[in-house]
Amino acid sequence: MYPLLYKGKVRDIYQVDDTKLLMVASDRISAFDHVFKEAIPGKGKVLTAMTKFWSDALLKLFPTHLISTESSDFGLEAQDIEEFDLPGRSMLVKKAAMIDMECIVRGYMAGSAWKEYELNGTMHGINLPAGLTKGSKLPQPLFTPSTKNHLGHDENIAPSTAKEMLGEKLFSSVEEICISAYNLATELALQKGIVIADTKFEIGIIDGKPLICDEILTPDSSRFWDLQDYEEGRIGISFDKQPIRDWAEQSGWDKNSSPPPLPRNVIEESMARYIAAYERLSAKSFSEWLKQHCI
Ligand SMILES: Nc1ncnc2c1ncn2[C@@H]1O[C@H](COP(=O)(O)OP(=O)(O)OP(=O)(O)O)[C@@H](O)[C@H]1O
Ligand SMILES: [Mg+2]
């Protein structure tokens, strides 16, 4: 069996050989950097379907770390991994030296960025025009990285700090990759009636070059809003983990202790939205993905 290299909040990562990894997306759900006890059955498969969809779409611009989502490519030793039903939720990828930074692109005002703007009129320290509100479209998409805090919450940092951390050259190419991927994805998503308010990329160095790794533009890593139901200042339906965040916010949980149990309706509603996001964006049915990969 391939050795387990790392167990993340959502993914289990196995070492296939020196250059390849098998990333298995579990059904675990995390919010505010905590993993809930309850799983969302099938969620890992939607995330993998979505990542495959976006990786293919991004090929117009550049390759990503993804090699294959076909279990016939995973190698014999994958068959000994018994913890999960691997097909449909796993990806063979190129192993990267990951940049220790959350490479966030924001096109709209939401989340922690809105909290900072409300307080200081800035976003990751960048001055923004006055009068923006929650849900406002930004004058242009901004690359707003944050540090990965492996123990506590991630911390928003100014792009100038990220530049110091990565060096000017690497920072510019990472920024360029993230902004162009966001722009291409946004253009495509808007045609399907979805606003990508923000997304978090993870970039790794493969063969000396920065490439998009990890999950790509999934409802776990992005905010997806229904265009039809969107108005500035009022965010309507979102096809992401916002219902989990909203529920967690109103549950009285302090976000430092272990999270309260997720109610069944929140689990079901979340899964339905994840599937809706995949189906809207890809114009394919999720059952087709399951049929192709899991039977
Ligand atoms: N191609 C790659 N090569 C090496 N590591 C990768 C690659 N793609 C993604 N990763 C790493 O695999 C892990 C994915 O697991 P998961 O999404 O569960 O992590 P996470 O809980 O978000 O963890 P972390 O906060 O440590 O990133 C991340 O640490 C990510 O940086
Ligand atoms: Mg992750």
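Above this text you will find the structure in question.
Residues numbered from 1 in each chain as written. Chains lettered and ligands numbered in written order. Predicted model: local features only at pLDDT ≥ 70, side-chain atom pairs only at ≥ 80, totals over all residues.

Turning to the overall build of the chain, a few remarks are in order. Within the chain one finds 7 helices and 17 strands. Relative to the compact-globule value of 19 Å for 295 residues, the chain shows a C-alpha radius of gyration of 19 Å, a close match. Burial analysis of the chain (295 residues in total) assigns 41% to the buried set. Look at the contacts in the chain between residues 6 or more apart in sequence, and 64% of them connect residues 24 or more apart. (Helix = DSSP H or I, 4+ residues; strand = E, 2+ residues; numbered from the N terminus. Rg over C-alpha atoms; globule rule 2.2 N^0.38 Å. Buried ≥ 20, exposed ≤ 12 C-beta atoms within 10 Å, placed from the backbone. Contact = placed C-beta atoms within 7 Å.)

Taken in spatial order, the 5 strands of this open sheet run β1-β2-β3-β7-β6, and their pairing is antiparallel. Looking at the sheet topology across the chains shown, the edges are occupied by β1 (4–7) and β6 (66–68). Averaged over all pairs of adjacent strands, the angle between strand axes in this sheet comes to 30°, irrespective of strand direction. Direction of pairing for strand β3 (residues 20–25) relative to strand β7 (residues 90–94): antiparallel, over a ladder of 5 bridges. (Pairing = 2+ DSSP bridges. Axes fitted to C-alpha atoms, helices over the stretch in contact; angles between N-to-C directions.)

For the rest of this paragraph, the subject is the site of ligand 1. As a matter of local geometry, ligand 1 sits amid 17 residues, with G8, K9, R11, C213 and D214 nearest to it. Where the shell around ligand 1 is concerned, the elements lending two or more residues are β2 (11–15), β7 and β15 (194–206). A per-class count over the shell around ligand 1 returns 7 nonpolar, 3 polar and 7 charged. (Near = placed C-beta within 6 Å. Nonpolar A, V, L, I, M, F, W, Y, C, P; charged D, E, K, R; others polar.)

Turning our eyes to something else, we now look at the pairing of strand β16 (residues 209–213). Relative to β16, β15 runs antiparallel, the two being bridged by 5 bridges. Residue I206 lies in a different strand from β16, and its bridge partner there is K209. What sits between β15 and β16 in their antiparallel hairpin is a turn of 2 residues, with D207 showing a positive phi close to 50°.

Right, let's talk about the environment of A57 for a bit. Its location among the elements puts A57 in helix α1 (residues 43–58). Expressed as a C-alpha distance, the spacing of A57 and S287, which sit 230 residues apart in the sequence, is 20 Å.

Let us now look at the packing of α1 against helix α6 (residues 264–282). One way to put it is that α1 packs onto α6 with a least axis distance of 10 Å and a crossing angle of 20°. Here α1 is positioned roughly parallel relative to α6, judged by the angle of their axes. Pair α1 / α6 crosses with left-handed handedness. Within the contact between the two elements, α1 uses K43, V46, A49, M50 and F53 and α6 uses M271, Y274, I275, Y278, L281 and S282. When its residues are assigned to classes, the contact of α1 with α6 shows 9 nonpolar, 1 polar and 1 charged. (Parallel < 35°, antiparallel > 145°, perpendicular 65-115°, else oblique. Left-handed = near helix turned anticlockwise from the far one by under 90°.)

A few words on the environment of S282. Mapped onto the fold, S282 is located in helix α6. The sequence separation of S282 and A78 amounts to 204 residues, and the corresponding C-alpha distance is 28 Å.

Let us look at the packing of helix α5 (residues 242–250) against α6. Taken N-terminus to C-terminus, the directions of α5 and α6 make an angle of 155°; their axes are 9 Å apart at the nearest point. Comparing the axis directions of α5 and α6 gives the class roughly antiparallel. Of the residues in α6, those touching α5 at P243, I244 and W247 are V266, E269, S270 and R273. Broken down by class, the residue content of the contact of α5 with α6 amounts to 4 nonpolar, 1 polar and 2 charged.

Residues L22, C178, I196 and Y278 are the most contacted members of the largest nonpolar core, which totals 67 residues. The element that contributes the greatest number of residues to this core is helix α4 (residues 168–191), accounting for 8 residues. If we skip the residues at most four places from it in the chain, L22 touches Y2, Y14, V16, F74, A78, S90 and L92. (Core = buried A, V, L, I, M, F, W, Y, C linked by C-beta atoms within 7 Å.)

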